Amino acid sequence: MGMRSINRWWIAVAGFCLQMALGAAYAWSVFRIPLVKEFGWSIAQVSFTFNISWFFLGCTAALGGLCLNRISPRTVAVIAGFLWGGGVFLSSFSAHKLWLLYLGYGVIGGTGLGLGYIVPIAVLVKWFPDRRGLITGIAVAGFGAGALISAPVAGRLLQTVGLMPTFAYLGIGFATVAVLSALFMQNPPRGWHPAGWQPSAALLSQRADRDFTLGEALGTWQWWALCGLMSINTMAGLSVLSQAAPIFQEMGKLSAAVAATLVGVIAIGNGIGRIFWAWISDVTSRKTAFISMFIVQAILFWSFHAITSPALLTIATFIIVMCYGGAYGITPAFAADYFGPHHVGPIFGFMMLPWGFAAAFGPLLFAWLRETTGGYTQALYLIAGMLTAAIVLPLMVSPPRGHKKVVAESASVGATTGSMA
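Note that the coordinates shown come from a computational prediction; the quantities given were computed from them, not determined experimentally.

Draft legend 1. View of the pattern of salt bridges. The tally for this structure, following the rule as stated, stands at 8 salt bridges. Across the pair D130 and R131 runs a salt bridge, and its minimum N-O distance is 3.1 Å. In this structure, D337 and R132 form a salt bridge, with 2.7 Å as the shortest nitrogen-oxygen distance. One end of the pair, D337, is in helix 14 (residues 310–339); the other, R132, is in helix 6 (residues 132–160), with 205 residues separating them in the sequence.

Right under this line is the structure:
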């Protein structure tokens, strides 16, 4: 697979497929009822499997980022594919063994998710310096859309072959797709740019003048600011997304069946938002996109409690979920802009650690306030106030400057170009 014989868009397609194979983890809910009925486990016990896998995703994404510059991204992605698929396959032996389900799907599978999630993002920002936002949006949209295929396939398998064999078939399928896609994961030569592309002065002003190492990035306030942007956005969006079904039932007076259908509809906003807002960040700037997302969400959260129309409630929730997904598309490109693309794997990977706390704390706080106050109003106001105050953060953030210049992006343009379209 020669470096000059492959079109960079094929790498993008492979990255999208790899993310879809990993994002199939979002379909965990299809196993909840069958596992509860067949083995007598509680809903909480079964649901905890998903929490374990997401915890290990957040922790091992940082490890995956560190491995990228030590071994090839292809190797990291292949290992991730085998771990994810192998963990799901191992779950097929977990009948009446809850600990084995936790180990297989949760620990081993979650480790594969974390190692693999970071690979397409880190690779594609280097292949697409001209479309960083859009390409990372497409990559993470694949992760968000994984359940669109895996959920109906899993549902069909559950009906035809049964619960435990479904895990086995899916594990083999996930591993196959992930490993084949992983074979395309390769970095371009350092400093590579599409032939004929020249970054504008405005674009260069929004980017770092060199590549930062992980240690240097962690020592800047900008790294923590980007963590804050993604974490605040995650707390807001995931709080509503995690409670979408009861919100539709309690505020919109809808039946459980209709509410479940609408949850599936608004989940599509997660994938759309990852591409849409990432594209907006390319057209305007990362800062402008985040400011816009925070303003839109703040307005919706301040007024959300007064919405009673099911149609308006669905539209408002859909937009919030779009903004929630948008941060996943923008932040990797933001990190590459501010710290250079060479070490973006570990730099963005470590951002998943504070993200993990926000992803867990936000929904828990939202649910606790709903339970203690008897309604959603105070929880919604709290998030609205947080978003309103957070608007100042993207206004303040700027690329790190005043350090020794090692590799200026403007100087590298034209130095290494390729024939890839």
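Draft legend 2. Just the environment of L83, in detail. Of note, L83 is situated in helix 4 (residues 73–90). Since its relative accessible area comes to 26%, L83 is described here as partly exposed. Linking L83 and F128, residues 45 residues apart in sequence, is a C-alpha distance of 28 Å. Once residues lying within four places of it in the same chain are set aside, the contact partners of L83 are I108, G109, T111, G112 and L115.

Draft legend 3. Local environment of the packing of aromatic side chains. Taken as a whole and assessed by the stated rule, the structure comprises 26 aromatic pairs. Judged by centre distance (4.9 Å) and plane angle (35°), the ring pair of F39 and W41 falls under tilted. Here F39 and W41 have matching classes, each one buried. With centroids separated by 5.8 Å and ring planes inclined at 65°, the aromatic side chains of F290 and F294 adopt a geometry described as edge-to-face.

Draft legend 4. Local environment of the confidence of the model for the protein. Per-residue pLDDT for the protein averages 86, and the proportion of residues at 70 or more is 93%. Across the protein, the element-wise mean pLDDT spans from 41 in helix 18 (residues 409–412) up to 97 in helix 4. Long-range and interchain partners of residues 404–417, a stretch whose pLDDT sits below 50, account for 32 contacts in this model, where long-range means more than four residues apart.

Draft legend 5. Inspection of empty space enclosed by the protein at higher detail. The tally for this structure, following the rule as stated, stands at 2 cavities of 30 Å³ or more. The calculated volume of the largest cavity comes to roughly 80 Å³. Residue lining of the largest cavity: Y26, W54, L57, Y117, F143, R274, Y324, Y328, M352 and W355, and that is the complete set. At the level of secondary structure, the elements contributing two or more residues to the lining of the largest cavity comprise helix 3 (43–68), helix 14 and helix 15 (344–373). The computed volume of the second largest cavity comes to approximately 30 Å³. The wall of the second largest cavity is formed by A24, A27, F31, Y105, S150, A154, L170 and F174. Put simply, the parts of the chain that give the lining of the second largest cavity at least two residues each are helix 6 and helix 7 (163–182).

Draft legend 6. Molecular detail of the nonpolar core. Ranked by size, the top nonpolar core spans 125 residues in total, and within it L35, F167 and M351 carry the most contacts. In contact with L35, other than residues within four places in its own chain, are W28, G40, W41, V46, L101, L163, M164 and F167.

Draft legend 7. Inspection of the packing of helix 4 against helix 7 at higher detail. Orientation of helix 4 relative to helix 7, taken along the N-to-C sense of each, is 175°, at an axis distance of 7 Å. If you check the angle between helix 4 and helix 7, you find them roughly antiparallel. Side by side, helix 4 and helix 7 meet where R74, A77, V78, G81, F82, W84, G85, V88 and F89 of the first sit next to F167, A168, L170, G171, I172, F174, A175, A178, V179 and A182 of the second.

Draft legend 8. Quick look at the environment of G137. Relative to the elements of secondary structure, G137 occurs in helix 6. The exposure class of G137 is buried, given its relative accessible area of 0%. Taking the C-alpha atoms as reference points, G137 and G325, 188 residues apart in sequence, are found 8.9 Å from one another. Once residues within four sequence positions are removed from consideration, G137 is found in contact with R274, I275, A278 and G329.

Draft legend 9. Quick peek at the state of the cysteines. One pass over the structure, following the stated rule, counts 0 disulfides. Between C59, a free cysteine, and C67, which holds the nearest cysteine sulfur, the sulfur-to-sulfur gap is 14 Å. Note on C59: relative accessible area 33%, which makes it partly exposed. A disulfide-free cysteine, C227 has its sulfur positioned 14 Å from the sulfur of C59, the nearest such atom. The class of C227 is buried, set by a relative accessible area of 4%.

Draft legend 10. Summary view of a nonpolar patch on the surface. On the surface, a cluster of nonpolar side chains totalling about 740 Å² of accessible area is made up of L148, I149, V153, I268, I272, F276, W279 and V283. Among the elements that take part in the nonpolar patch, helix 12 (residues 256–283) stands out by supplying 5 residues, more than any other. With respect to the element layout, L148 can be found in helix 6.

The rules behind each value
- Residues numbered from 1 in each chain as written.
- Predicted model: local features only at pLDDT ≥ 70, side-chain atom pairs only at ≥ 80, totals over all residues.
- Heavy atoms only, no water.
- Salt bridge = Lys/Arg side-chain N within 4 Å of Asp/Glu carboxyl O.
- Helix = DSSP H or I, 4+ residues; strand = E, 2+ residues; numbered from the N terminus.
- Buried < 20%, exposed > 50% of the residue type's maximum accessible area, 1.4 Å probe, protein only.
- Contact = heavy atoms within 4.5 Å.
- Phe/Tyr/Trp six-rings, centres within 6.5 Å; stacked < 30°, edge-to-face > 60°.
- pLDDT = per-residue confidence, 0-100.
- 1 Å grid on protein atoms, 1.4 Å probe; cavity = no way out; pocket = protein on both sides within 12 Å on 5 of 7 lines; lining within 4 Å.
- Points joined across faces, edges and corners; volume = space filled by probe spheres on them.
- Core = buried A, V, L, I, M, F, W, Y, C linked by side-chain atoms within 4.5 Å.
- Axes fitted to C-alpha atoms, helices over the stretch in contact; angles between N-to-C directions.
- Parallel < 35°, antiparallel > 145°, perpendicular 65-115°, else oblique.
- Disulfide = S-S within 2.5 Å.
- Patch = residues over 30% accessible without salt bridge, like charges linked within 9 Å, V, L, I, M, F, W, Y side chains within 5 Å.
- Areas by Shrake-Rupley, 256 points an atom, 1.4 Å probe, with all protein chains shown as cover.

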